Amino acid sequence: MSLPADVAVSLIGVAKSYGDVEVLQPFDLQIAEGEFVVLLGPSGCGKSTILKMIAGLEEVSDGEIHVAGELVNYVRPRDRNVAMVFQNYALYPHMTVRQNIAFPLRMARRPRLRRPDIDERTAEAAEIVELTDYLERKPAQLSGGQRQRVALARAIVRQPAAFLMDEPLSNLDALLRADMRTSLLDVHSRISKTTLYVTHDQVEAMTMADRVVVVNEGRIQQVGKPRELYTAPANTFVAQFIGSPRMSLHKTTVRGDCTLPFGGASLVTGADIRLEPGVSVTVGARPSAFRVTDATHACFAGRVGRRDYLGSDSYLEVELEDGPQVIVRAEADSPLGSGDLVHVVAESGAFHVFDESGARICRASVRSREQ
Ligand code: ADP
Ligand code: MG
């Protein structure tokens, strides 16, 4: 099978089972040259397995993997043109930073490199990750972030077709993680190396990725740009996995006039969508689509339950008429609290409508308040 020249990594019909247990359903995924793609999903969904199959650390049960145009299914891990960066750094404690970075080049057999070339490439990689001043230190004399940069330099030095990164920042504390996100992106913008990056952290995925691949229970749920996942989630899983606080979801049934009853109001879809009367659907809206208002002719009325203060905003849990609970963003210094009666407006197109299988159908807006 021939592939476009700008595809760096291609998975075609790849699947994985351990014995009778299917951990990855057959899927296709193409990663373009220079692209930063993030695999995002909860623990155990199969992210690491995808990376390991590309690296050759696990065999595929089915399908083909191509790296830089070469079918690599039968190529040994060390001969695949990819470099893996792990979360536990895997540095050699007795070696200096320089020796750690140079190690893959000293071990390389095809082609065998001369000492001056090794030194030059080591210095270049150290420069890219800003470790030039630390080359003579041992790993124990470095901070967590610096160690992670050594691990990254050790991948860079090999000049692979792609980097494979498995939760590389999850051992770092929150502040350092944010710094390292920036420096990883910095490195990426300097060397534009194709990267497949695994995380369970949606913030990491949303801030770093050109495209995100959302995985759940061994199935790819959606592939898209961060903004697409947020504004047009393919299904209820993606809708709730992306965005914080979570989108709340509620079941409702399409009325005879094709509107949707929700919290004492009627929701309508665009004219191009016709929902079948009597069909049950799930409706959801993000907290950022709601606003508390003084106007008594607002879309909804409800009672405040819990309130979460997050510094820049507060989030109110509001129980609407007829029962649905929604999360509403409010000012940080809003005086509202548990038990207060509030009026809430929803922006146009605030609601997403999902079918019974959870697949997204369309957006909906509030039409009118019921009498
Ligand atoms: P993630 O990286 O998304 O947390 P993994 O790819 O590590 O998930 O694992 C996916 C699934 O495959 C999990 O349910 C895990 O228990 C299972 N699994 C991983 N490795 C093995 C193995 N060697 N034998 C059997 N099951 C495995
Ligand atoms: Mg994993």
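Check the entry above for the structure.
On a predicted model such as this, the values are computed, not experimentally measured, just so you know.

## Topic: empty space enclosed by the protein
Step number 1: Tallied over the full model, the rule gives one cavity of 30 Å³ or more.
Step number 2: The calculated volume of the largest cavity comes to roughly 50 Å³.
Step number 3: Around the largest cavity sit F36, F163, M165, L184, V187, H188 and T195, which together line it.
Step number 4: When residues of the lining of the largest cavity are traced back to their parent elements, those giving at least two are β7 (162-166) and α5 (174-191).
Step number 5: A total of three residues in the lining of the largest cavity trace back to one element, the largest contributor, which is α5.
Step number 6: For the lining of the largest cavity, the class distribution of residues is five nonpolar, two polar and no charged.

## Some words on the sheet that holds strand β8 (residues 195-199)
Adjacent strands of a sheet form backbone hydrogen bonds with each other and so pair up, either parallel or antiparallel.
Step number 1: Spatially, the six strands line up as an open sheet ordered β6-β7-β8-β3-β9-β10, and their pairing is mixed. Each edge of the open sheet is held by one strand with a lone partner, namely β6 (82-85) and β10 (219-224). For this sheet the average axis-to-axis angle between neighbouring strands, irrespective of direction, equals 20 degrees.
Step number 2: With four bridges joining them, β7 and β8 adopt parallel strand pairing. What sits directly across from M165, in β8, is Y197.
Step number 3: Along the sheet face, helix α4 (residues 144-156) touches β6 and β7 and points at about 170 degrees away from the line of β6.

## Concerning the site of ligand 1
Step number 1: Surveying the vicinity of ligand 1 reveals the residues Y18, V23, P42, S43, G44, C45, G46, K47, S48 and T49.
Step number 2: Backbone polar atom of G44 to an oxygen atom of ligand 1: 2.6 Å apart, as the coordinates give it.
Step number 3: Contact distances for ligand 1 include 3.2 Å between an oxygen atom and a backbone N or O atom of C45.
Step number 4: For ligand 1, the protein covers 58% of the area, taking 570 Å² as the surface of the free molecule.
Step number 5: Among the residues making up the shell around ligand 1, the classes are represented as four nonpolar, five polar and one charged.

## Side note on the packing of α4 against α5
Packed helices, taken two at a time, are described by the angle between their axes plus the distance between the axes.
Step number 1: Taken N-terminus to C-terminus, the directions of α4 and α5 make an angle of 25 degrees; their axes are 11 Å apart at the nearest point. The angle between α4 and α5 falls in the class roughly parallel. Of the two elements, α4 crosses α5, and the hand of that crossing is right-handed. When α4 is examined against α5, the residues G144, G145, Q148, R149, L152 and I156 are found in contact with a partner set consisting of L176, M180, S183, L184, V187 and I191.
Step number 2: Partitioned by chemical class, the residues of the contact of α4 with α5 number seven nonpolar, four polar and one charged.

## Describing the sheet that holds strand β2 (residues 21-32)
Step number 1: The strand order across the open sheet built from four strands is β2-β1-β4-β5, with neighbouring strands paired in antiparallel fashion. The sheet is open, and its two edges are formed by β2 and β5 (70-71), each paired on a single side.
Step number 2: Direction of pairing for strand β1 (residues 7-18) relative to β2: antiparallel, over a ladder of eight bridges. By the bridge assignment, S10 is partnered in β2 with Q30.
Step number 3: On the sheet, helix α1 (residues 47-55) packs against β1, β2 and β4 (62-67) and is oriented at approximately 115 degrees with respect to β1.

So, how was this worked out
- Residues numbered from 1 in each chain as written.
- Chains lettered and ligands numbered in written order.
- Predicted model: local features only at pLDDT ≥ 70, side-chain atom pairs only at ≥ 80, totals over all residues.
- Heavy atoms only, no water.
- 1 Å grid on protein atoms, 1.4 Å probe; cavity = no way out; pocket = protein on both sides within 12 Å on 5 of 7 lines; lining within 4 Å.
- Points joined across faces, edges and corners; volume = space filled by probe spheres on them.
- Helix = DSSP H or I, 4+ residues; strand = E, 2+ residues; numbered from the N terminus.
- Nonpolar A, V, L, I, M, F, W, Y, C, P; charged D, E, K, R; others polar.
- Pairing = 2+ DSSP bridges.
- Axes fitted to C-alpha atoms, helices over the stretch in contact; angles between N-to-C directions.
- Contact = heavy atoms within 4.5 Å.
- Near = heavy atom within 4 Å.
- Polar contact = N/O pair within 3.5 Å; in protein donor to acceptor, adjacent residues only side chain to side chain.
- Areas by Shrake-Rupley, 256 points an atom, 1.4 Å probe, with all protein chains shown as cover.
- Parallel < 35°, antiparallel > 145°, perpendicular 65-115°, else oblique.
- Left-handed = near helix turned anticlockwise from the far one by under 90°.

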